[in-house]
Structure formats: C-alpha cells, structure tokens
Amino acid sequence: MAGNDWINSYLEAILDVGPNLDDVKSSLLLRERGRFSPTRYFVEEVITGFDETDLHRSWVKAQATRSPQERNTRLENMCWRIWNLARQKKQIEVELAQRKAKRRLELERGRREATADMSEDLSEGEKGDIVSDVSAHGESNKGRLPRINSVDAMEIWASQQKGKKLYIVLISLHGLIRGENMELGRDSDTGGQVKYVVELARALGSMPGVYRVDLLTRQVASPDVDWSYGEPTEMLSPRNLEDFMDEMGESSGSYIVRIPFGPRDKYIPKELLWPHIPEFVDGALNHIIQMAGVLGEQIGEGKPVWPVAIHGHYADAGDSAALLSGALNVPMLFTGHSLGRDKLDQLLKQGRLSRDEINTTYKIMRRIEAEELSLDASEIVITSTRQEIDEQWRLYDGFDPVLERKLRARIRRNVSCYGRFMPRMVIIPPGMEFHHIVPQEGDMDGETEGNEEYPSSPDPPIWSEIMRFFSNPRKPMILALARPDPKKNITTLVKAFGECRPLQELANLTLIMGNRDGIDEMSSTSSSVLLSVLKLIDKYDLYGQVAYPKHHKQYEVPDIYRLAAKTKGVFINPAFIEPFGLTLIEAAAHGLPIVATKNGGPVDIHQVLDNGLLVDPHDQQSIADALLKLVSDRQLWTRCRQNGLKNIHLFSWPEHCKTYLSRIASCKPRHPQWQRSDDGAETSESDSPSDSLRDMQDISLNLKFSLDGDRSGASGNYNSFDSEGNAADRKSKLENAVLSLSRGVLKDGQKVGSGDKAEDCYSIGKFPALRRRKHIFVIAVDCDSTEDLLDTIRKIFEAMEKEKAEGSVGFILSTFMTISEIHSFLISGGLNPRDFDAFICNSGSDLFYSTVNPEDGPFVIDFYYHSHIEHRWGGEGLRKTLVRWAGSINEKAENEEQIVTAAEQLSANYCYAFQVKNAGLVPPVKELRKWLRIQALRCNVIYCQSGTRINVIPVLASRSQALRYLYVRWGIELSKMVVFVGDSGDSDYEGLLGGLHKSVVLKGICSSASNQLHANRNYPLSDVMPVDSPNIVQTSKDFTSSDIRDSLENLLKS
C-alpha cells in the first residue's frame, strides 16, 4: 500500500464513522467495523495497479461534507465503488493470465518448429547464455560497457576513423524539435526523447569519421508554436568546434531537417500522425536522394554518398525508417524509447479503459505493429538497459531471447539458420555532457579557494532556498530529485528517514519534487503524493530536517547536486522501477555516491560506476540501512565518490557515439546496387544521344529480357521465361534490343507527334519510357474479377485518350497477379502490353517493363529490384514453414478438403503463392504474420483477391514500395504519379493511399469479401486513412470515363 496513504486515510474514516450512525440506516459494511472488514479487504485488493484519482476526489468531497448522514452515504457509496473495482481487477488479472499462457504456448510452439527446421541437433553452444547485447550475427562482448582506462584509448580510436566520410540519418517525428531553448515539458510529445535525439545528432556530427548527420522531423508552421519550428533546416553547432575545424566541409556537420507532412497549419499529437507517415517517407526520400547527390559531388568523387544507416526513434519514426530503409536498401537502426505493448499492459491493469477505448485514445495497435515492423527491418535495436530487453522487448512477436541464442550459436558455427533472423539488441546508455561540470571539492566547513580557471563565486540562490529548511544545514544531505508520482516511491523514503533515528541525527533530507504554486492547482495524483509527504513529515516531526522547496529552475539542478556533494551527502533514487536513471549519472558526475532501486536501469549503471548501493524499493529498512552506511562511513563514501568520477566518462556522448559507430560498422553495408561510374545517377530530362547510349550500356547489365510470356503458360516464375533458348540466343536478343533503342534516338531533339509516332516514344531518350512521361497513372485496382479490371482499365484509357496518344502520360499496372497472368489477361482483353510502361507483379515482389520491339518478347525484368528487396528473405526455410502451416489448416477441415494449397505455378523466387478455397476458414492475415514472426521469419503476408489467394513476399517489398523504387532508380517524381484504387482491396490496400502521389478512389469497386480482409486487422483501417488529404479524390459510385477525367483535372489542379 506504499504510495497510497490517502487510501489509508479514508479507509480509517470509513471505519471510524460508526458511532454517530443510525444503525437502521447504516449499511452492513459500516456495521461490521468491529470484525472482518469487507471495506478494508476490497481496498487492499484494488489499490495495487489501479489509478484511484477519482476515488481520491470523492474522498475529498466526503471529508468536506458537513452533514454526517450525507458524508456517511458518500463513504458507503465509495465502498461499493471499491468493491466494483476489485471485481474488475480480478477479471483483468484472469484475462492477463490467459493472454500470458496463450503467448507462452505460441512461443514454445514457434521455437519447436523453428528448431525442427534446422537440420542439426541443438548443441551446448546453441544453448547459449542469457540474452545479451551481442549480435545474433556477430561476435560476443561479455562486458556491459567496454572500459576505457584513459583518454588515450579514445584518441587511438579517433585516429582510426580518419578518412571516413559517413552520412547518418536520424528520424524523430513527434514533438517540437530545435537545437536551442528546447521547450521540454511543453506537452507530452516534447520530452526527454527530443533532448536525446538533438544531443545525439550534435555529438555524432562532431565525431571523427562522420561527415554529415541529418535529424529528420516534422515541419510545423502553426500560429500555436514558435516560428523556428517552421524553418526547413537548422544547423546544430558542435560543442567542441575547435577540435574538428580541419574536418569541416561545405555540407558537413549536424542538421535538423524539417519535412512538411500532415496538416500544414496545425501542431497535432503523435497519435494523429499515423495517416501521414507515407507523406513523410516520400518527402524524406526526396531529401536523402538530393543530399546523396550533393555529398557525392563533395566527397564521393561524383558518386552518390548514401546513408550508412537510418535510425528511427519511437514507433512512428521506426515505421518510417523501415520504409526508407527498404526504398534505399540501406541498414536500419531502431530505438523504442517507450514501447506500446508495455504501455498497453499497464493501461489494461489499471482497468479504467477497455482495449477498444485504449486503442481509440492512443492508437496503440498501430503503434505496436510499427514496432513489430521495426524489429523485422532493423539490423540493430538500441536499448538503454537490460531491463528493457528482458521485460519489454520480449513481449513482442518479433523477438524471442531463447530463439535468438539458438540463431546466434548457429551463426557462430557457420550453420544455416534457414532464413531466420533476429535483430541485434545492443545496450548503449544515453550520453551526457560533462565538460561544463566541476565536481565540488570543498565542504560546509571550508570553502574551496578560487583559481584562474575556476574562480570562486558567491553561493547560488537555490542553496539558501534549500538550507532555510534546516536547523543544522551542515549535516550531510540526502538528495532525491523526482516528480511527485506514486511510482517514484518518495513516501517510502520519507518513512525510512522518519523511522531511523540514527539517520536523522547524521543527515538532512532534501526532496526536489518539481515546481508548484499551490497544492490545489496540482494534478490529483501529484497533490495526493505531496500531501502524503507533508503528513509523514508531521507524523515523524521532521521539521528542520526535511527540505521541500516549491520552485527551482532547470539550470539550478547542477547547483543542487553541488550542494549535496559539498555537504558530503548521498543521492537516492527509490523508484519502484526506473527504466534508465539519468539522474544517477548526473549525480555521479558531481561526485555524489548513490543509493538506487535494484529494479531496472540502475543495475547497469551501478555495474559500470560502482559508486553506491542498490536496495529493494519496497523495503524501507533496507533503504534506511544503505543511506546510514554511506553517510556514516567516510571511507566508503570517498571510495564511491572516486569510483563514480573515475568511470563517469563511460556515459559521455563521445563514448556513446564511439560504441554507436562501432555497432554501425559491424553491419553489412548496403546501398542501391545499380550505381556505376558511368551512370552517375543521371535523372535529368536531357535528350542527348550520349545520355541515352550511356543508359543503354547500364541497361545491358541491369535488366534481363523475358523471351516469350506465352511459352511459360500460367507460370509466374520469371526463371521459366529463360527455360528455352541458350545464353547466346538471349545475348543476341539483348544486343538487338539495345541496337533498336540506339536507332530510335532522334537527332536535334525532334518532338514526337500523335498517332503512330507516339510508339516511337519508347525509343527516345532514356530507358524505360516512363522516364519521359509528364504523369504516370498507376492502376492498382483490386477488382473482384478480371472482367471488372478490364472494364476499369478501358475507362481510364478512355478518360486519358488524348494524353495517351501524345505520349505525355504513361501507365503502370500494379497487381497481385504474376507476369504470365498479366500477359494472358491483356491478350484476352484485346490490350497491348506496350499500353503499359511497367508492371508491378506478385503484390510488389517483381517489376517488369514493356520492351521496345515485339520480337524481343513482351517484357523485361528489373533484376536490380530483386537485389533491392531481398533483404531478410527467408527463401527455402520460409517456403517449408508456409507449406507446414497450410497443412495444419487443412488438417482442421472437417470434410478433408484442401482449404489452402501451395500454388507453385503462381510462385516466383521472391513470392510464395497459396490458393484458398474457403477464405472464411483461414486465419486472418494478422495471425499468419504473428506466427511467422514468432519463428523469426521476416516477410510481408498479403491476402489477395478477396482472400482467395495469399502472396508472401520480402518484408520490405510492396506495391507502394515499388513506386518509391521507381523514383530512386529512374528519378520518376512521386508527385507526378496518380494511383487508382477501389473502395477497398487486398490487405496491402492502405499502402496505396497517402504519400506525395495523388490517389483516385473509384467508388463501388470492391466486394464485401475484400472488406472482410480489413475487418480482421491488427488496427482499424480508419487509423491510417488520410481522409482529409488534398491528394485524394473520389469518383461517384457508377463512374464513367468522364467522371474519371473530371476527378483527375480537379486533383492535378490542386
């Protein structure tokens, strides 16, 4: 019942009101005060884990009621409310236990099946140690933090980085971010994370070997916030500029880059940012590509300099970083800061909101899915403490410490993991700036003498503000610095101090509990904690021994630490659970020994600093003994102080960045693979024949022609297109195609006319033809039948007939179908494959272009796209697992029919397809994704064609990602794309809406079965739909080609 003294207060009042009650009107609960008390039982049952602020308000009202009868009635009602809460708590505890049991069974099943897929028996090496901050794909590092004995080691490391020119991208979307005068605490989104990412960017930009750091965030041009948050770019000045002047370049350093997305004139909370994430990704992609080109001119000898890593902070930025990582094919890092599953569990335990209400308020399920995707895509997950790994990340489907140990052991033995991957969990505590801190060397009996470097100065005003509370201010000070929150356990500290007479004789207690004007103006939770503290001070008669000042400034906090050190005091953090414990590091930097909770981050800090004692926060006697030991034993106090000062540099920003960069260096480098010395990432609109010929030289190495779509029948595997003919034939066809392209180059920039001459557009300039279009129309309509799709395509073609004939617009067909199915569909519908410039097939796992001459075959495949999306692809191990899953579904069928069957003829190297006979008997897509994640298989599961087909493709492949690839590869601006979709569609439907491209929603095109696919999602589709976006228009239900044209004209005008 610690931290809930007000509960005891009203409980005592409830139990003591009996004498003045009319026995006839009093309740059974109040009449049983002399024997078993249901009231006390219910209170004790309910107080742990619930937010009782409403009850506290009721208690205050009851206390203020003058009428005894009315007061007793209120107290009686409170008893029943407590009973109801107790019942709710029991129900929640049962549900929680059931969920934990179910998850435990799922994990055990996943481990068994994953182990069964691995060919070798589990050896002693695979049993491993406890999960640590080592890679599942790298070497072991048993120490929590590598010790550095002197600054010489850092200088040696710095000299090894000479010559490197790294470009790093950090992402933090929510809150208000700027380099100076940060408005920390302005709202719940502008807190410690904002300070952390700014200081990390600043520190990385000052490290040797790092050329540029971009911190990407949201541009906010709202009258509600300062104008500085609307500035596109802000340079972060380094703290130690003089040390790195020789490495400064034209674009080097650290920058805050603000990307406009979402409502232009509103500052909105993070829960409302989800529909606008694709728009940020597109804007960030544009910035990174431009910056890669600029850096290439400065330091890359003309070749683009791609980011060495993209680092997402928090779930929204993790989701964005995953998409950017896939679009650019560069490594991703992730820091959760605060995790959704942990918050969901805490909110459910409180019992104040249902799961649906929690999701409505916090969009918690979308957040959790973003964190799962971040686990899928990340090379490294950076945490602050061991507790974050052991108690928070293990709640996720995508991370299992037991399976992680097995995978790590197999990789060390160079044994296949069968497509399974587990991200590397790395503990890197946040850094701090220590250069401005001067440890206090004097004491209260003798002042330190000033010198030229640090002259003596008058005492800070905050010192007198604190010492006025004490009758003997020269005694050692026990300092606690925390907001008045029950979780911070301040009341237990006061009890420990009040009940230990020797401690009172040796020390004073200082409680810095935030700022306040009046208790009545504080929140109910904060005021209840403060009132409890004041009551305890009065109860133990601690006047003259406890300080609790009302106000202090942020810049005065270092002075408070110095005062405690000057009195040879101790810093204490008695929180029930402390995720990290930044105040412990600050205290150590000022020369204060520490007493801290043994739950959470302080364990890691103490292991490194060895400058104090750990205690059980629930045991007040243990707290009192630890404090007494430190203030009474001068040798122990001195040894703890010296240890802290000696090792504190391990928590400095340079040390943080050194570890950070070392981890990045261990990642396998990835970047767009098509860049060549003669390609130059050219994306201009020049008609120069030399540009075209240079492109064709690139094409001859990058693209492979499919020789005849008809010959492969229904096969979707592009390898089947190569089954006929030999290498010489293919080479001959490729050379002929390149020659035909070169003959099509027009001299003197001759324009293409209408009619048949429009066909020559395919041979002009750079390949593919879509690079020459003014607009690109992407037909991504998931119709119920091919007849409906054919009718929709014809209406779109008819709407843009003039522009299509002129060659100013191009078309892309984006679908779940294979290229063979597309070819058969086009031929049967009377359409020419050359009506389209490109084909996004197999739900985004294959990309084809139409060829120039019919004799060369209808399509050409972009193999570089495969190298772009193959990251984390499970291959044969994934296929076997999926076949086993399909078999388990079929076994459950009562009539022994094959509900799910592997469709080999519809599969490709990067797409495993399954046909479904009865979609209602197949688990929803979220269950299959969860099952695969538990087995460490990273992929994107898509339910297609109203649930009658399942495509499983690489985790960062999708139809929307394919559009971003076209921008990265060919420079086709996303803002010039228009995507046609239906009312609903396949389970990847949400990715086609939002972003910089325009969208036309064709009303009436969808089935109830498709809608059912989205009814079983992890989160509601409405949570991610940008309903107010100016880039989205809708047609009428029975639309015609004229309606489509009108919609396009309105859309393109905007």
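Note that the structure is a prediction, hence the values are computed from the model and not measured. Within every chain, residues take consecutive numbers counted from 1 along the sequence as written. At least 70 in pLDDT is required for a residue's local features to be given in this predicted model, at least 80 for side-chain atom pairs to be given and counted, and no such filter applies to totals for whole chains, interfaces and linings, which use all residues. Side-chain numbers come from the whole structure's heavy atoms, not from hydrogens or water.

S.K.: Sorry, what's going on with the overall build of the protein chain here?
M.R.: Working definition: helices are DSSP H or I runs of at least four residues, strands are E runs of at least two. Numbering for both runs from the N terminus. Tallying secondary structure elements over the protein chain gives 36 helices and 27 strands in all. Exposure classes here rest on a 1.4 Å probe applied to the protein chains alone. A residue is buried below 20% of its type maximum, exposed above 50%, and partly exposed in between. Across the 1054 residues of the protein chain, 58% fall into the buried class. Two residues qualify as a contact provided that any one of their heavy atoms is within 4.5 Å of a heavy atom in the partner residue. A sequence separation of at least 24 residues applies to 73% of the contacts in the protein chain between residues at least 6 apart. Split by element, the accessible area of the protein chain, about 44,000 Å² in all, is 48% carbon and sulfur. Exposure was quantified through the Shrake-Rupley algorithm and a 1.4 Å probe, taking into account, for residues, occlusion by the shown protein chains and nothing else.

S.K.: When you look at the environment of Leu 592 in this model, what are you seeing that I'm missing?
M.R.: Along the chain, Leu 592 turns up in the loop between helix H21 (582-589) and strand S13 (594-597). Considering only alpha carbons, one finds Leu 592 and Ile 478, 114 residues apart in sequence, at a separation of 10.0 Å. With residues near it in sequence (within four places) discarded, Leu 592 still touches Leu 479, Tyr 561, Ala 564, Ala 565, Gly 569, Val 570, Phe 571, Ala 587 and Asn 611.

S.K.: What is the right way to read the pairing of strand S19 (residues 846-850) from this model?
M.R.: On a regular strand, one side chain projects to one face of the sheet and the next to the other, so that they alternate. Most of S19 is tucked away: five of the five residues are buried. Burial of the side chains of S19 extends over both faces: Asp 846, Phe 848 and Ser 850 are buried on one face and Leu 847 and Tyr 849 on the other. With four bridges joining them, strand S18 (residues 838-841) and S19 adopt antiparallel strand pairing. Looking at S19, one finds that Cys 841 is bridged to Asp 846. The pairing criterion is simple: DSSP has to find at least two bridges between the two strands. Relative to strand S20 (residues 859-862), S19 is paired through three bridges, and the arrangement is antiparallel.

S.K.: Got a minute to help me understand the sheet that holds strand S23 (residues 939-944) in this structure?
M.R.: Strand pairing in a sheet relies on backbone hydrogen bonds, with the paired strands running either antiparallel or parallel. Taken in spatial order, the four strands make up an open sheet running S21-S22-S24-S23, and their pairing is antiparallel. The sheet is open, and its two edges are formed by strand S21 (900-902) and S23, each paired on a single side. The mean inter-strand angle of the sheet, taken between neighbouring strand axes irrespective of direction, is 25 degrees. In terms of strand pairing, S23 meets strand S24 (residues 949-954) through six bridges, oriented antiparallel. Bridge pairing in S24 links Ile 942 to Asn 951. Sheet strands in contact with helix H33 (residues 925-934) are S23 and S24, and its direction is about 160 degrees off that of S23. Axis lines are fitted through C-alpha atoms, for helices just across the contact stretch, and the angle between N-to-C directions can take any value from 0 to 180 degrees.

S.K.: What is the right way to read the sheet that holds strand S11 (residues 546-547) from this model?
M.R.: With respect to topology, six strands assemble into an open sheet ordered S11-S10-S9-S12-S13-S14, the strand pairing being parallel. With one partner strand each, in any of the chains shown, S11 and strand S14 (612-615) form the two edges of the open sheet.

S.K.: Could you clarify how one ought to interpret the packing of helix H17 (residues 490-498) against helix H23 (residues 620-632) in this entry?
M.R.: Packed helices, taken two at a time, are described by the angle their axes make and the gap between the axes. Following both chains from N to C, one finds H17 and H23 inclined at 65 degrees, their axes separated by 8 Å at the closest point. The handedness of the crossing between H17 and H23 is right-handed. Packed against H17, whose contacting residues are Thr 492, Leu 493, Lys 495 and Ala 496, the element H23 presents Gln 620, Ile 623, Ala 624 and Leu 627 at the interface. If you view the pair so one helix is near and one far, a crossing is left-handed when the near helix is turned anticlockwise from the far one by less than a right angle, and right-handed when it is turned clockwise.

S.K.: I would appreciate a short explanation of the packing of helix H11 (residues 340-350) against helix H13 (residues 364-377) in the present structure.
M.R.: As a packed pair, H11 and H13 sit with axes 9 Å apart at the nearest point and diverge in direction by 150 degrees. Residues Gly 340, Arg 341, Lys 343 and Leu 344 of H11 lie in contact with H13, whose contacting residues are Ile 364, Met 365, Arg 367, Ile 368, Glu 371 and Glu 372. Each residue belonging to the contact of H11 with H13 can be placed in one class, and the counts come to four nonpolar, one polar and five charged. Gly counts as polar in this scheme, as do all residues outside two lists: the nonpolar Ala, Val, Leu, Ile, Met, Phe, Trp, Tyr, Cys and Pro, and the charged Asp, Glu, Lys and Arg.

S.K.: When you look at H13 in this model, what are you seeing that I'm missing?
M.R.: Along an α-helix, residues three or four positions apart point the same way, because every turn accommodates 3.6 residues. One less than the number of residues in a helix, times 1.5 Å, gives the span that helix is expected to have. Between its first and last C-alpha, H13 extends 20 Å over 14 residues, near the 20 Å set by a 1.5 Å rise per residue. Among the 14 residues that make up H13, 14 are buried, leaving the element largely enclosed by the rest of the structure.

S.K.: Even after reading the chapter, I still don't get the state of the cysteines, so can you show me in this structure?
M.R.: Two cysteines, two sulfur atoms, one covalent bond between them: this is a disulfide. The disulfide definition used here is simple: a pair of cysteine sulfur atoms within 2.5 Å. Per the counting criterion, the structure on display carries zero disulfides. Cysteine Cys 841 remains unbridged, with the sulfur of Cys 911 as its closest cysteine sulfur at 10.0 Å.

S.K.: Hey, could you run me through the pattern of salt bridges in this one?
M.R.: Side-chain pairs of opposite charge can arise whenever the charged atoms involved come near each other. Here, a salt bridge means any Lys or Arg side-chain nitrogen found within 4 Å of an Asp or Glu carboxyl oxygen. Applying the stated criterion across every chain, the model contains 34 salt bridges. In this structure, the salt-bridge partner of Lys 270 is Glu 271, at a minimum N-O distance of 3.8 Å. For the pair Lys 270 and Glu 271, one class covers both residues: buried. Linking Arg 938 and Asp 376 is a salt bridge whose minimum nitrogen-to-oxygen distance equals 2.9 Å. With a gap of 562 residues between them, Arg 938 in the loop between H33 and S23 and Asp 376 in helix H13 connect regions that are remote in the sequence. Arg 938 gets classed as buried once you look at its relative accessible area, which sits at 1%. Residue Asp 376 is classed as buried on the basis of its relative accessible area of 1%. Overlapping salt bridges, with partners in common, bring together Glu 369, Asp 376, Arg 933 and Arg 938 in one network.

S.K.: Just checking my understanding: could you explain H33 for this structure?
M.R.: Inspection of H33 places Val 925, Leu 928, Trp 931, Leu 932, Arg 933 and Ile 934 among the buried residues, and these make up the whole buried set. In the stretch just after H33, Ala 936 is the one whose phi turns positive, near 65 degrees.

S.K.: Where do I start with the side chain of Arg 178 in this structure?
M.R.: Relative to the assigned elements, Arg 178 resides in the loop between strand S1 (166-171) and helix H8 (192-205). We call two N or O atoms a polar contact when they sit within 3.5 Å, provided that within protein one can donate a hydrogen and the other can accept it, with sequence-adjacent residues counted only if both atoms are side-chain atoms. Side-chain polar atoms of Arg 178 contact the backbone oxygen of Glu 180, separated by 3.3 Å. For Arg 178, the side chain forms a polar contact with the main-chain oxygen of Asn 181, separated by 2.9 Å. Not counting residues within four places of it along the chain, the set of residues in contact with Arg 178 comprises Glu 183, Val 198, Asp 226, Ser 228, Tyr 229, Glu 234, Ile 256 and Arg 258.

S.K.: Quick question: what am I supposed to make of the packing of aromatic side chains here?
M.R.: Given two aromatic rings, their pairing is described by the distance between the two centres and the angle made by the two planes. To pair, rings of Phe, Tyr and Trp, with the six-membered ring standing in for Trp, must have centres within 6.5 Å; the planes then decide the type, stacked if under 30 degrees apart, edge-to-face if over 60, and tilted in the middle. This structure, assessed with the given rule, holds 17 aromatic pairs. Relative to Phe 836, the ring of Phe 797 lies with its centre 5.5 Å away and its plane at 45 degrees, an arrangement referred to as tilted. Within this pair, whereas Phe 797 is found in helix H28 (residues 786-799), its partner Phe 836 is found in the loop between helix H30 (819-828) and S18, the two being separated by 39 residues in sequence. Here the two residues Phe 797 and Phe 836 agree in accessibility, since each one is buried. On the numbers, 6.1 Å between centres and 85 degrees between planes, the contact of Tyr 849 with Trp 970 is edge-to-face. Of the two residues, Tyr 849 sits in strand S19 while Trp 970 sits in helix H34 (residues 959-970), which places them 121 residues apart along the sequence. When sorted by exposure, Tyr 849 lands in the same class as Trp 970, which is buried. Among the aromatic residues, those joined into a ring-pair cluster are Phe 777, Phe 797, Phe 811, Phe 836, Phe 839, Phe 848, Phe 859 and Phe 980.

S.K.: Explain unusual backbone geometry here, please?
M.R.: Only a minority of non-glycine residues have a phi that is not negative, and only a minority of peptide bonds are not trans. Even without being glycine, Glu 301 reaches a positive phi, approximately 55 degrees. For Glu 301, a relative accessible area of 77% translates into the label exposed. Located in the positive-phi region is His 337, a residue other than glycine, with phi close to 65 degrees. For His 337, the location among the structural elements is in the loop between strand S6 (332-335) and H11.

S.K.: For this particular structure, what's the right way to read the nonpolar core?
M.R.: The nonpolar side chains of soluble globular proteins are, as a tendency, buried together. As used here, the term nonpolar core means buried Ala, Val, Leu, Ile, Met, Phe, Trp, Tyr and Cys residues forming a set that is joined through side-chain atoms within 4.5 Å. Judged by nonpolar contacts, the single largest core of 140 residues is most densely connected at Ile 171, Ile 779, Phe 839, Leu 966 and Phe 980. The residues touching Phe 839, leaving out its near neighbours within four places in the chain, are Leu 813, Ile 819, Ile 822, Leu 826, Pro 833, Asp 846, Leu 847, Phe 848, Ser 850 and Phe 859.

S.K.: Explanation requested: the pairing of strand S9 (residues 477-481) in the structure shown.
M.R.: Among the five residues that make up S9, four are buried, leaving the element largely enclosed by the rest of the structure. Where S9 and strand S10 (residues 508-512) come together, five bridges link them in parallel fashion. In the sheet register, Met 477 faces S10, and the bridge partner there is Asn 508. As paired elements, S9 and strand S12 (residues 570-573) share two bridges and run parallel to each other. Within the sheet, the bridge partner assigned to Leu 479 lies in S12 and is Phe 571.

S.K.: Please clarify how the environment of Ala 496 should be interpreted in this entry.
M.R.: Here Ala 496 is to be found in helix H17. For Ala 496, a relative accessible area of 3% translates into the label buried. Considering only alpha carbons, one finds Ala 496 and Asp 625, 129 residues apart in sequence, at a separation of 8.9 Å. Ala 496 has contacts with Gln 620, Ile 623 and Ala 624, leaving out every residue within four places of it along the chain.

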